[in-house]
Amino acid sequence: MAYDLEEQEQLESLKAWWKQYGNTVTWALIVALLAFAGWSGWNYWQRKQAGDAAVLYEQVTKAAEARDADRVKRAATDLEDKFGRTAYGPMSALTAAKVLYDAGDLAGAKTQLQWAIDHGGEDYAPLARVRLAGVLLDEKAYDQGLALLKDAPAQYEALFADRRGDLLAAQDKRDEARTAYRRALEKLGATEGGMRQIIQFKLDALGTA
């Protein structure tokens, strides 16, 4: 089919544009396609990781329900090694720490809690710090416990203050313990009545200043 003059000029202009910018456009498309493929692959990998981690976490929870400390430790360690970057990693560590603590394995509980502190991020690490401070309280390592409770995230201020009060009271630093317990009461939500009663009981037990 013959082109008229205007069509031929447009075609020549297109050829000239493509000669100048064609490689750039091609590479931009390739990069975009690779980025999309990488994003899709990453999402698939994350979904698979989460699914596999959920299976292992179920083993952890079943072992925890059976109070089988050895099986909990094995399953939790396996999950943390393979899927520690998923949310199931710190969840598993916190679950295992509770079972090991109840079984009297304080060293094992501390190991799991330290793992959760190192890998739990802002969602799980603060809770692990509070619980590890509680284990250190049992071991009378008061200063180490207090060191863990610095710079409390806003949503954990009440828990941090309450645990500080426990550590200070154990050192017979009554005035500082009272201040910590009062801080905890200030930061508690209105619906947390059960915890409020416990903290008030501990505060009252210290007597008046």
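Residue positions within a chain follow its written sequence, with the count starting from 1. Side-chain atom pairs in this predicted model are given and counted only at pLDDT of 80 or more, local residue features only at pLDDT of at least 70, and totals for whole chains, interfaces and linings cover all residues. Processing note: side-chain calculations cover all non-hydrogen atoms of the structure and skip hydrogens and water entirely.

The name an unreviewed UniProt entry gives the protein is Ancillary SecYEG translocon subunit, with Cupriavidus pauculus as the organism. UniProt positions are given in the numbering used here, feature names are shortened, and annotations may be inferred rather than shown by experiment. Listed under Subcellular location (unreviewed entry) in UniProt, the entry text for the protein is "Cell membrane". Under the UniProt heading Sequence similarities (unreviewed entry), the note attached to the protein is "Belongs to the YfgM family."

Visitor: Let's hear about the overall build of the protein: which residues, and what values?
Guide: In this text, helices come from DSSP runs of H or I with a minimum length of four residues, and strands from runs of E with a minimum of two, each type numbered from the N-terminal end. Scanning the protein from N- to C-terminus turns up nine helices and zero strands. For the protein, the α and β elements follow one another from N to C terminus as α-α-α-α-α-α-α-α-α. Think of it in three bands: residues with accessible area under 20% of the maximum for their type are buried, residues over 50% are exposed, and the middle band is partly exposed, with areas taken using a 1.4 Å probe on protein chains only. Burial analysis of the protein (209 residues in total) assigns 34% to the buried set. For the protein, contacts bridging at least 24 residues in sequence account for 50% of all contacts bridging at least 6. Residues count as neighbours in contact if any of their non-hydrogen atoms are within 4.5 Å of one another.

Visitor: Outline the pattern of salt bridges, listing residues and values.
Guide: Any two side chains of opposite charge can pair if their charged atoms end up close together. Counted as salt bridges are all cases of a side-chain nitrogen of Lys or Arg within 4 Å of a carboxyl oxygen of Asp or Glu. Tallied over the full model, the rule gives 14 salt bridges. For the salt bridge of Asp-172 with Arg-174, the shortest nitrogen-to-oxygen distance reads 3.2 Å. Overall, the relative accessible area of 40% leaves Arg-174 in the partly exposed class. Counted as one network, the salt bridges with shared partners bring together Asp-162, Arg-163, Asp-166 and Lys-202.

Visitor: Which residues make up the confidence of the model for the protein, and what are the values?
Guide: In this model, the protein carries a mean pLDDT of 83, and residues with pLDDT of at least 70 account for 75%. The predictor rates its confidence in each residue with pLDDT, a number between 0 and 100. At the low end of the mean pLDDT range in the protein sits helix H1 (residues 5-65), at 66; at the high end sits helix H6 (residues 142-148), at 96.

Visitor: Before we move on, could you go through the packing of helix H2 (residues 69-83) against helix H3 (residues 88-102) and cite the residues and values that matter?
Guide: Packed helices, taken two at a time, are described by their axes: the angle between them and the distance between them. Where H2 meets H3, the axes come as close as 9 Å, and the angle between the chain directions of the two elements is 160 degrees. With respect to H3, the axis of H2 lies roughly antiparallel. Crossing hand, H2 versus H3: left-handed. Mapping the contact onto sequence places Ala-69, Val-72, Lys-73, Ala-76, Leu-79, Glu-80 and Phe-83 in H2 and Tyr-88, Gly-89, Ser-92, Ala-93, Ala-96, Val-99 and Leu-100 in H3. Each residue belonging to the contact of H2 with H3 can be placed in one class, and the counts come to ten nonpolar, two polar and two charged. In this analysis, axes come from line fits to C-alpha atoms, helices being fitted only over the stretch in contact, and the angle between any two N-to-C directions falls in the range 0 to 180 degrees. Angular relationships are summarised with four words: roughly parallel below 35 degrees, roughly antiparallel beyond 145, roughly perpendicular across 65 to 115, and oblique for the angles in between. Rotating anticlockwise by less than a right angle from the far helix to the near helix defines a left-handed crossing, while the corresponding clockwise rotation defines a right-handed one. Classes in brief: Ala, Val, Leu, Ile, Met, Phe, Trp, Tyr, Cys and Pro nonpolar; Asp, Glu, Lys and Arg charged; the others, Gly included, polar.

Visitor: Please set out the side chain of Arg-129 residue by residue, giving values where relevant.
Guide: Structurally, Arg-129 is set in helix H5 (residues 121-138). Note that His is not counted, nor are the chain ends; the positive residues are Lys and Arg, and the negative ones are Asp and Glu. The side chain of Arg-129 is buried and forms no salt bridge, while Asp-151, the nearest opposite charge, is found at 5.9 Å. Here a polar contact means two N or O atoms within 3.5 Å. Within protein one must be a hydrogen donor candidate and the other an acceptor candidate, and residues neighboring in sequence count only if both atoms are side-chain atoms. A distance of 2.8 Å separates the side chain of Arg-129 from the backbone oxygen of Leu-148, its partner in a polar contact. Beyond its immediate stretch of four places on either side in the chain, Arg-129 contacts Ile-117, Leu-148, Leu-149, Lys-150, Asp-151 and Phe-160.

Visitor: For the packing of aromatic side chains, give the residues involved together with the corresponding values.
Guide: Only the six-membered ring of Trp is used, alongside the rings of Phe and Tyr, when aromatic pairs are assigned; centres must lie within 6.5 Å, and planes under 30 degrees apart are stacked while those over 60 apart are edge-to-face, with the rest tilted. This structure, assessed with the given rule, holds one aromatic pair. Aromatic side chains Tyr-57 and Tyr-88 sit 5.5 Å apart centroid to centroid with 45 degrees between the ring planes, which places their arrangement in the tilted category. Placement of Tyr-57 in helix H1 and of Tyr-88 in helix H3 is noted, with a sequence separation of 31 residues between them. The class of Tyr-57 is buried, set by a relative accessible area of 16%.

Visitor: An account of helix H4 (residues 106-119) is requested, with residue identities and associated values reported.
Guide: A helix is expected to reach a length of 1.5 Å times the quantity of its residues less one. Here H4 is 14 residues long and its end C-alpha atoms lie 20 Å apart, about the 20 Å a rise of 1.5 Å per residue gives. All buried positions along H4 are accounted for by Gly-108, Ala-109, Gln-112, Leu-113, Trp-115, Ala-116 and Ile-117. For H4, the elements touching its buried residues are H2, H3, H5 and H6. Taken from the residues just after H4, Gly-121 is the one with a positive phi, measuring 65 degrees.

Visitor: Please give an account of the environment of Gly-104 that cites residues and values.
Guide: Tracing the backbone through its elements, the reader meets Gly-104 in the loop between H3 and H4. What makes Gly-104 exposed here is its relative accessible area of 55%. Along the chain, Gly-104 and Ala-69 lie 35 residues apart, while their C-alpha atoms are 9.7 Å from each other.

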